[in-house]
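Residue-level structure breakdown
Residue strings, one per chain:
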Amino acid sequence: MKITRIVARHVRMPFRQAFSTSRWTLTHKDAIVIEATTDAGLTGWGECVALAYPDYCYESTAINALVLREYLIPLVLGQELADAQALWEAMSPVAGHRIAKAGLECAFWDLDAQSRGQSLSQRLGGKRERVESGVSVSVHDTPDALLRTVESYLHEGYQRVKLKIKPGKDLAETALIRKHFPDLQLQVDGNAAYTLEHLDHLAQLDAFGLLLIEQPLGNEDIIDHVQLQQRMQTPVCLDESILSADDARKALSIGACRVINIKPGRVGGVRESLRIHDLCRQQGVAVWMGGMFETGIGRALNVAVASLPGFTLPGDISASAKYFKEDIVESPFMLNSDSTLTVPTAPGLGIQIDAGRLEKYTVAKEVFVFHSAPSTAPAA
């Protein structure tokens, strides 16, 4: 496969409502959308899911655009790429920048599956026609507002809820939701807002029968989470700390967690997601699909990966309408009555782009075209 044209678009899509965690509040989704065309005329789509500000990690939308323009696209444009491993070898001169690489890799997997006449789920060995979806609930100003939001999502059909928590907004909020919904599948996410000084405080969350507590300590930490997991009955889940299968191996080997969140964007794409999935499945460790407020492009990738057999917990994929009034794909993902999303079956990602909406939300665009060298053979 040879990619001969790449269009990188910066899209900015307004959220239905602001979303707050322990560290930031978002009102828009910024992303770099990749459109890659091959010499055979196929078009694949990818999404770089970094946030607009380098808070979740050192990457951001602007940094993704720069790294793609100056380094990654020149490395892959016009190259023969037999498979995802070849793509990664082509990008290997650039250290880190996993989210930028994952955006290109997403487009490649779309093209690869299309060329074989398979859906991406089929191409990856997915086993499910539907994947379980939960919903992530932001930090709220008041308990009443939080309760109303959770009630509204349960009314929509979501059967698993994740509460964003932070010091001062955790125990009381979790107790409130558990009191009103004693049988709800419930988990919490600290987004690295806590320290070892909070161990005893966090251990009180055991009283609420949670599925897990996600990344309460530092973004890059594995060691301190060992102490927390030893202190808690609730399974600790690592997110930001896990950037590779090797990170997952180390975390599991020392007992830093009992669950791992897989975000293809965070770990560098599908290839590394598969490695983490396989490692955890071999060890009997549950994994689930995280989310980064993806458009329908990144959401389609996440749904396909989540169809793999090791994803045994509901993910943070959610329906498109949870975040956006309108998506840039023609058929946005919708929540089924059993709190699932349907896995696309059409070739590749299985989506169609709405060109008008894509143009509407594009704030910048760059086009890169491969021009083959002219022949130097003498004329006959």
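Rules used throughout
Residues numbered from 1 in each chain as written. Predicted model: local features only at pLDDT ≥ 70, side-chain atom pairs only at ≥ 80, totals over all residues. Heavy atoms only, no water. Pairing = 2+ DSSP bridges. Helix = DSSP H or I, 4+ residues; strand = E, 2+ residues; numbered from the N terminus. Core = buried A, V, L, I, M, F, W, Y, C linked by side-chain atoms within 4.5 Å. Buried < 20%, exposed > 50% of the residue type's maximum accessible area, 1.4 Å probe, protein only. Expected span 1.5 Å × (residues − 1). 1 Å grid on protein atoms, 1.4 Å probe; cavity = no way out; pocket = protein on both sides within 12 Å on 5 of 7 lines; lining within 4 Å. Points joined across faces, edges and corners; volume = space filled by probe spheres on them. Nonpolar A, V, L, I, M, F, W, Y, C, P; charged D, E, K, R; others polar. Disulfide = S-S within 2.5 Å. Contact = heavy atoms within 4.5 Å. pLDDT = per-residue confidence, 0-100. Axes fitted to C-alpha atoms, helices over the stretch in contact; angles between N-to-C directions. Parallel < 35°, antiparallel > 145°, perpendicular 65-115°, else oblique. Left-handed = near helix turned anticlockwise from the far one by under 90°. Lys, Arg positive; Asp, Glu negative; His and termini not counted. Salt bridge = Lys/Arg side-chain N within 4 Å of Asp/Glu carboxyl O. Phe/Tyr/Trp six-rings, centres within 6.5 Å; stacked < 30°, edge-to-face > 60°.

Turning our eyes to something else, we now look at the sheet that holds strand 10 (residues 259-262). The seven strands lie next to each other as 5-6-7-8-9-10-11, forming an open sheet whose pairing is parallel. On the outer flanks of this sheet lie strand 5 (135-137) and strand 11 (286-289), each paired with one strand and no other.

Okay, the nonpolar core next. By size, the foremost hydrophobic cluster in this structure holds 121 residues, and its most contacted members are Leu163, Leu205, Ile260 and Ile297. Take this core: its biggest share by element is eight residues, from helix 3 (residues 98-115).

On to helix 11 (residues 270-282). Between its first and last C-alpha atoms helix 11 spans 18 Å; for 13 residues at 1.5 Å apiece the expected length is 18 Å, and the two agree. For helix 11, the full list of buried residues reads Val270, Arg271, Glu272, Ser273, Leu274, Ile276, His277, Leu279 and Cys280. Just downstream of helix 11 lies Gly284, where phi reads positive at about 70°.

Summed over the entire model, instances satisfying the criterion amount to five cavities of 30 Å³ or more. One number sums up the size of the largest cavity: a volume of about 160 Å³. Lys162, Lys164, Lys263, Gly291 and Phe293 are, among the 18 residues lining the largest cavity, the residues nearest its centre. Of the residues in the lining of the largest cavity, the class split is seven nonpolar, three polar and eight charged. When its volume is computed, the second largest cavity comes out at roughly 90 Å³. Glu47, Val49, Ala102, Gly103, Cys106, Pro264, Gly265, Glu294, Gly298, Leu301 and Asn302 are the residues that line the second largest cavity. Sorting the residues of the lining of the second largest cavity by element identifies helix 3, helix 10 (264-267) and helix 12 (296-306) as the ones contributing at least two each.

Enumeration according to the criterion identifies zero disulfides in this entry. Of all cysteine sulfurs, the one in Cys106 lies closest to Cys48, which takes part in no disulfide; the gap is 8.9 Å. As a non-bridged cysteine, Cys257 has Cys237 as the owner of its nearest cysteine sulfur, 7.1 Å distant.

It is a probe the size of a water molecule, rolled over the atoms, that shows where empty space is left. If you add up the space inside the largest pocket, you get close to 250 Å³. Considering the residues around the largest pocket, the lining is formed by 14 residues, among which Tyr56, Cys57, Tyr58, Glu240 and Leu243 are closest to the centre. The residue inventory of the lining of the largest pocket, partitioned by class, reads five nonpolar, four polar and five charged.

Mapped onto the elements of the fold, Lys162 is located in strand 6 (residues 160-164). On the basis of relative accessible area, Lys162 is assigned to the buried category, the value being 3%. Residues in contact with Lys162, not counting those within four places in the same chain, are Val135, Ser136, Val137, Gln187, Val188, Asp189, Glu214, Trp288 and Asp316.

This part takes up the confidence of the model for the chain. On average, the chain scores 95 in pLDDT, and the residues at 70 or more come to 98%. Across residues 375-380 the pLDDT falls below 50, and counting only partners more than four positions away or on other chains, this stretch makes zero contacts in the model.

Let's shift gears to the packing of helix 5 (residues 143-156) against helix 6 (residues 171-180). At a closest axis distance of 10 Å, the pairing of helix 5 and helix 6 adopts a crossing angle of 45°. Relative to helix 6, the element helix 5 lies oblique. Crossing handedness for the pair helix 5 and helix 6: right-handed. Between helix 5 and helix 6, the residues in contact are Pro143, Leu146, Leu147 and Val150 and Glu173, Leu176, Ile177 and His180, respectively.

Turning our attention to the side chain of Glu173. Within the secondary structure layout, Glu173 lies in helix 6. One buried charged residue, Glu173, remains without a salt bridge, the closest side chain of opposite sign being Lys169 at 4.3 Å. Beyond its immediate chain neighbours, meaning those up to four positions away, Glu173 contacts Leu146, Leu163 and Gly168.

A word on the pattern of salt bridges. Counted under the stated rule, the structure contains 21 salt bridges. Between Arg275 and Glu272 there is a salt bridge whose closest N-O contact spans 3.5 Å. Here Arg275 and its partner Glu272 are both found in helix 11, three residues apart, which amounts to about one turn of the helix. Judged by its relative accessible area of 41%, Arg275 is partly exposed.

Turning our eyes to something else, we now look at the packing of aromatic side chains. Summed over all chains, the structure comprises eight aromatic pairs. Relative to Phe324, the ring of Phe15 lies with its centre 5.7 Å away and its plane at 35°, an arrangement referred to as tilted. Highlighted residues: Phe15 in strand 1 (residues 3-20) and Phe324 in the loop between helix 12 and strand 12 (340-342), separated in sequence by 309 residues. Aromatic side chains Phe293 and Tyr323 sit 5.4 Å apart centroid to centroid with 85° between the ring planes, which places their arrangement in the edge-to-face category. Taken together, the positions of Phe293 in the loop between strand 11 and helix 12 and Tyr323 in the loop between helix 12 and strand 12 put the pair 30 residues apart, joining distant regions of the chain. For Phe293, a relative accessible area of 8% translates into the label buried. Using a relative accessible area of 7% as the deciding quantity, one classes Tyr323 as buried.

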